[in-house]
Amino acid sequence: MRILTASDHALLVEAADLDEAMRLNLAWDGVRGVVERIPGARTVLVRFDPLVVSAGDLAEALAATDIDIAHLPVTGEVTVPVRYDGEDLDEAAALLGVSASELVNRHLGADWKVAFSGFAPGFGYVVSSDPLFDVPRRSSPRTRVPAGSVALAGQFTGVYPRESPGGWQLIGRTDALMWDIDRDPPALLSPGTTVRFERVREQVVTSGDADKRADERGVADRPAVAGAPDPGSPMPAAVEIVRPSLQLLVQDAGRPGFAALGVSASGAADRRAMRDANRAVGNETGAAVLESVGGAVLRFRGAGVAAVAGAVGSLELIDDGGVARQIAHGVPFATVDGDELTLGHPASGLRYVIAVRGGVAAEPALDSRASDTLAGLGPAALAAGDVLRVGDRAPHPVEPDAMPRALPAPGELVELEITLGPRDDWFTAAALATLTTQEWTATPRSDRVGIRLEGAVPLERSVGGELPSEGAVTGAIQVPPDGQPVLFLPDHPLTGGYPIIGALTDRSLDLAGQLPPGARVRFIVKETS
């Protein structure tokens, strides 16, 4: 096997084929220092804790592992009803050299099995023994693929659990619910499951099923905010959203450890700001906070303590009598019922982090209150009128000392430290030089999934063709066909098929989460001892 650097806290292990990758993934259960494993089509991404094990020692342990073990066990059987009316059905059939009807018939007749999960919760990579199914992705990915789309890419079939970007060939659609957090397991297509596809032309849908699928697709009426006080009950301490920002979310330390379900860690984009704000008000450092892209107005109910970290801008607290006072960045301040906090447009940085003593008591999902915008897990984006209850756990005293921090403003230059790999050998020597010598600009086409960067000279590949789907870490620098990199943030897909030329080091991740549109970026390769 070949073991490559994926970041300063992850290794990518190449296998001979899909079967060996699955067996390696099983064999490494319990290896010291391993935090999480993300199997791919021919690889396993191994995230590790560098405080427990070094990359070199872990690589030796992985290479020495005996993989003479059983194949991926069967965990169940499911039938997926499909209407074969996808936009790309004819094109996919032509690429495979068959008619559309033959493609459908062989898709129905093949024996399918879920090899691994990735991309998004509930997205299973389903493989068969029929050699027909090896189709390239679309040359230009769609920005929106409808939930329930049945698609082909490489040797896999997949079903999009919710609306999301995607570059797979769409051959049909299903009403089956791919992801239900109240189901065990939540993913219908979990690893090891055998799958049979069944043709349907019409399907009777009950109102309950329709409502559930509509909610999954994000088109149902917006539910009440998790953690909001019950109407008519005595008002506990709470935060009301008077005016939301461009994006106002609940975040915490995230939900690591669920990669096997196709769930990324997510969590605060600026972990340092979350820790600083929580320490200021006496919370545990990973307690739930509010993360605001740009300015917002919040109203406090009941008495409490709050602090604002992260982006730097005007902070003003106005009492119910209209008297205003300026709030210092990073310093805890007392609030009383009716106080309104106005966050001005950031002068530097992008994301404010607002902590309240006791933490934000939103409803958790998979042991975390983080809002994962790609997966649709956790509380919905907050809107005007939403009310969030404040928790009652604050085990530490407040910390009155603010920690000053320099964050970039639009147009300013930021240096971010990276490691090269795992797919730097897919690029020319000139591209590697361009990566680290050219300045890149953060474009407005950015979100918590990733920052789209733009440079005068695109990154040129030396290896053509497609990369089989493999795991990606937060901070990965993925390069699509246009040569303009995408820098992955916390809500990125777990797996992808575009080569990753490098990845941010852990200490650069928080700064990346504060890059405003227009900020200039220069990558610096981390020196190794």
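Use the structure listed above.
Residues numbered from 1 in each chain as written. Predicted model: local features only at pLDDT ≥ 70, side-chain atom pairs only at ≥ 80, totals over all residues. Heavy atoms only, no water.

Draft legend 1. Structural context of the overall build of the chain. In terms of helices and strands, the chain carries 8 helices and 33 strands. Its C-alpha atoms give the chain a radius of gyration of 24 Å, within 12% of the compact-globule value 24 Å for 529 residues. Projected onto the principal axes, the alpha-carbon positions of the chain cover approximately 75 × 60 × 45 Å. Sorting the 529 residues of the chain into buried and exposed places 55% on the buried side. (Helix = DSSP H or I, 4+ residues; strand = E, 2+ residues; numbered from the N terminus. Rg over C-alpha atoms; globule rule 2.2 N^0.38 Å. Buried < 20%, exposed > 50% of the residue type's maximum accessible area, 1.4 Å probe, protein only.)

Draft legend 2. Region of the structure containing the pattern of salt bridges. For the structure shown, the criterion picks out 32 salt bridges. Arg2 serves as the salt-bridge partner of Asp425, at 3.5 Å between the closest nitrogen and oxygen. Of this pair, Asp425 sits in the loop between strand S25 (413–420) and helix H7 (429–437) while Arg2 sits in strand S1 (residues 2–7); the two residues are 423 residues apart in sequence, bridging distant segments of the chain. In this structure, Asp88 and Arg142 form a salt bridge, with 2.8 Å as the shortest nitrogen-oxygen distance. (Salt bridge = Lys/Arg side-chain N within 4 Å of Asp/Glu carboxyl O.)

Draft legend 3. Region of the structure containing the sheet that holds strand S6 (residues 112–117). Taking strand neighbours across the sheet as the criterion, the 7 strands line up as S5-S13-S6-S7-S10-S9-S12 in an open arrangement whose pairing is mixed. Each end of this open sheet is capped by a strand with a single partner; those strands are strand S5 (76–82) and strand S12 (169–173). Sheet twist, expressed as the mean angle between neighbouring strand axes with direction ignored, is 35°. Two strands pair when backbone bridges link them, and strand S7 (residues 124–128) and strand S10 (residues 156–159) are joined in this way by 2 bridges, in the antiparallel orientation. From the neighbouring strand, Val127 faces S10, where its bridge partner is Phe156. (Pairing = 2+ DSSP bridges. Axes fitted to C-alpha atoms, helices over the stretch in contact; angles between N-to-C directions.)

Draft legend 4. Here's a closer look at the environment of Gly502. Turning to its location among the elements, Gly502 is positioned in strand S32 (residues 500–504). When the C-alpha positions of Gly502 and Trp112 are compared, they lie 34 Å apart, and in sequence the two are 390 residues distant. If near-sequence neighbours (up to four positions away) are discounted, Gly502 is found in contact with Thr419, Leu420, Gly421, Gly475, Ala476 and Ile477. (Contact = heavy atoms within 4.5 Å.)

Draft legend 5. Inspection of helix H3 (residues 89–96) at higher detail. By the burial criterion, the buried members of H3 are Leu89, Ala92, Ala93 and Leu96. Axial view of H3: buried residues confined to an arc of 100°, hence all on one face. Relative to its buried face, H3 has exposed residues pointing more than 90 degrees away, namely Asp90 and Ala94. Those residues of H3 hidden inside the fold are in contact with helix H4 (100–109) and S12. Directly beyond the C-terminal end of H3, a positive phi value near 75° is found at Gly97. (Arc of directions from axis to C-beta.)

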